[in-house]
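Fold and geometry: a report
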Number of protein chains: 2
Amino acid sequence: MIRAAIIGYGNLGRSVERVIADQPDMELVGVFSRRDSLDTDAKVLPAADVDEHADDVDVLFICLGSATDVPEQAPELAKLYTTVDTYDNHRDIPRHREAMDAAARAGDQVAVISTGWDPGFFSLNRVYGAAVLPGADQMTFWGPGLSQGHSDAVRRVPGVKKGVQYTKPNPDAIAAVKRGEGGDLDAKKCHIRHCYIVADEADQDAIREAIVTMPDYFVGYETIVDFISDAEFERDHQGMPHGGNVVTQGRAGTSRHVIEFGLELERNPDFTAAVQVAYGRAAHRLREAGERGARTVLEIAPYLLSQTPLDELIKNDV
Amino acid sequence: MIRAAIIGYGNLGRSVERVIADQPDMELVGVFSRRDSLDTDAKVLPAADVDEHADDVDVLFICLGSATDVPEQAPELAKLYTTVDTYDNHRDIPRHREAMDAAARAGDQVAVISTGWDPGFFSLNRVYGAAVLPGADQMTFWGPGLSQGHSDAVRRVPGVKKGVQYTKPNPDAIAAVKRGEGGDLDAKKCHIRHCYIVADEADQDAIREAIVTMPDYFVGYETIVDFISDAEFERDHQGMPHGGNVVTQGRAGTSRHVIEFGLELERNPDFTAAVQVAYGRAAHRLREAGERGARTVLEIAPYLLSQTPLDELIKNDV
């Protein structure tokens, strides 16, 4: 059994706890938290004592926020534990990797970084696609998915009682990339911003105008503003759906080919956790095999994620 | 530069030759063939002299037939060269791996086996999908694609002047798997067989009847028989399109998720070659790193396929 622990108990940490419970080869030792009590049956361990449990844990799932907690705390954790994080600040990943690599090597550990779906499974598909179709058009589409920052912006518009914003891939843009006509597309042309708002009818025209002309957030995007009832809002817009597509279109030999990888996620943190936990298995195996230091998903052989032995995978899935 | 050679010069070998020409880090040393002259600008080397060129070649692409040539000849080649094959007899892959592993270790080489798209990229996606959603419904759909064996069978029906058969995924079956209702589906329910036939009008009813009642080939499948003109046949049905989808639907935490990987291939052997050549780069790197023996695609880290250095991939694609 792989002995797992979690640090951080927000949406992601709770999802990781549930995903671990479904793994036949993993057990949860405890959840590190700054809070005294959590709504969980798992053992709650004070975050301040994190350095006292290194001998009891094979893999520590870092479920802290990417904004400040991961950059500040993850390297210290990587000195003590084999870790897996979902650090998703794309521009900062090379720096994070360097910090985690130094820490993990100093502590004789493995640190698997930036798992999840983007970064994570989407990264894999960008690299696989471009490797086999060099020079291809490649585009990543996000959604349909709830955008937290844009939903906050919409809710600040005067007159808005409740509001959410979903980002959706523009189907015309996906079709263009598949036809090999994606050359001049950018993120704005690839996505539609769809808002669902609860507001009095008298305010609706002004709200729509305020949203579609909001700089940075909505200007330049195809933006749809739909007004719905409070009951519809409560019924249909409480979830955290997300997903997207990586589309690669290019030539091999004399012909053209389309590779598409798509995700439809009912609840974003659950799927992120599912990927993180599978890479936890890989992290433990890498360390057992004598490897040390930081690894991205690009550096990890696929079979290491699976609970099924390699020989069985080769027999049944290759 | 990675020095490459090809053995076998059918559709796949010709595609590999063209794909190698597009790689900035590979050069083609020559093509081994039993024939004296080939329609190529590459150097043609007698297949009988294959043991004389081992020092000039970093990777040998085995482009022989899976039916008998690969099982008979590949292990001997793997003693001399680092090899990549596309062996696609799924049931026999464990035996092939064992034979190639012994040969490659004896010859101090690496043998990457069963690359291409199925086995190959589809295998990767079956394993990645099942690893993150354990217990999921997973189904592989093939097509739309030209089926050589079924096209031959159709052409043997009396009165058929020209004929092709395409296998197509049944869209209802794909939708069922995504909804989590794929439990009782089998290959027959997942696929439609679509025939395009050139024949005299007087013969058409008998031909349709003969096709849809043909045991093993068509009975039990939803079969569509369309009659077209000779001109339409010549214009629309000379290619080798193929493709398909791997669909995984399952639960993580409290929610359900769909992972879908799809390929639309204009010309089947070109894409198979593109994957094979990318794994040639990986095979060479593995050998340079000191590894020996046979490897499936499941055992190879994704970045090893790419012509782009790892640091750049991490900066731009993770």
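Worth saying up front: this structure is predicted, and the values here are computed from it rather than measured.

Parameters at a glance
- Residues numbered from 1 in each chain as written.
- Chains lettered and ligands numbered in written order.
- Predicted model: local features only at pLDDT ≥ 70, side-chain atom pairs only at ≥ 80, totals over all residues.
- Heavy atoms only, no water.
- Salt bridge = Lys/Arg side-chain N within 4 Å of Asp/Glu carboxyl O.
- Helix = DSSP H or I, 4+ residues; strand = E, 2+ residues; numbered from the N terminus.
- Buried < 20%, exposed > 50% of the residue type's maximum accessible area, 1.4 Å probe, protein only.
- UniProt positions renumbered as here; feature names shortened; annotations may be inferred.
- Contact = heavy atoms within 4.5 Å.
- Polar contact = N/O pair within 3.5 Å; in protein donor to acceptor, adjacent residues only side chain to side chain.
- Least-squares fit on C-alpha atoms with pLDDT ≥ 70 in both.
- Buried area = accessible area lost by both parts, 1.4 Å probe.
- Nonpolar A, V, L, I, M, F, W, Y, C, P; charged D, E, K, R; others polar.

1. Re the pattern of salt bridges
A complete count under the given rule lists 42 salt bridges over all chains for this structure. R97(A) is the salt-bridge partner of D311(B), the closest N and O atoms lying 3.4 Å from each other. Here D311(B), found in helix α11 (residues 310-316), pairs with R97(A), found in helix α3 (residues 93-106), and the two come from separate chains. Here E260(B) ties to K178(B) by a salt bridge, and the two come within 2.7 Å at their closest N and O atoms. Separated by 82 residues along the polypeptide, E260(B) in strand β13 (residues 255-265) and K178(B) in helix α6 (residues 171-178) bring together distant segments of the chain. A residue is classified by how much of its surface remains accessible, and E260(B), at 16% relative accessible area, is buried.

2. Here we look at the UniProt feature "binding site: substrate" (unreviewed entry) in chain A
Residues and elements named next belong to chain A. Here, the residues flagged by UniProt with the feature "binding site: substrate" (unreviewed entry) are W142, T167, R193, H242 and N268. Mapped onto the fold, W142 is located in strand β7 (residues 137-142). Using a relative accessible area of 33% as the deciding quantity, one classes W142 as partly exposed. Here W142 is in contact with W117, D118, F122, T167, K168, P169, H191, H242, G243 and G244, once residues within four sequence places are set aside. Reaching out from W142, the side chain makes a polar contact with the side chain of D118 at a distance of 2.8 Å. Take H242: its relative accessible area is 14%, and that puts it in the buried class. In this structure, H242 is in contact with W117, W142, G143, P144, G145, L146, L263, E264, L265 and N268, ignoring residues within four places of it in sequence.

3. A few points about the relation of the copies chain A and chain B
After a rotation of 180° and a shift along the axis of 0.0 Å, chain A superposes on chain B with an RMSD of 0.1 Å. Look at the turn and shift together and you get a two-fold axis relating the two. Mapped onto chain B, 100% of the interface residues of chain A again fall at the interface, so both copies present the same surface.

4. With respect to the UniProt feature "domain: Meso-diaminopimelate D-dehydrogenase C-terminal" (unreviewed entry) in chain A
Within this numbering scheme, the UniProt entry marks residues 116-266 of chain A as carrying the feature "domain: Meso-diaminopimelate D-dehydrogenase C-terminal" (unreviewed entry). For residues 116-266 of chain A, the end-to-end C-alpha separation is 15 Å, with 32% helix and 34% strand making up the annotated structure.

5. Topic: the interface of chain A and chain B
On the chain B side, the residues contacting the 66 residues of chain A number 66 residues. Overall, the association of chain A and chain B removes approximately 5400 Å² of surface from exposure, summing both partners, and the carbon and sulfur fraction of that is 64%. On the chain A side of the interface with chain B, the three residues burying the most area are Y128(A), L298(A) and V318(A), jointly 13% of the side's total. There are six salt bridges connecting chain A and chain B. For the pair chain A and chain B, the number of links is 27 residue pairs in polar contact (both at pLDDT 80 or more). Among the secondary structure elements, those contributing two or more residues to the side of chain A that touches chain B are α1 (11-21), α3, α4 (121-132), β12 (242-252), β13 (255-265), α10 (268-288) and α11 (310-316) of chain A. Ranked by residue count, the leading element in the side of chain A that touches chain B is β13(A), at 11 residues. For the side of chain A that touches chain B, the class distribution of residues is 34 nonpolar, 14 polar and 18 charged.

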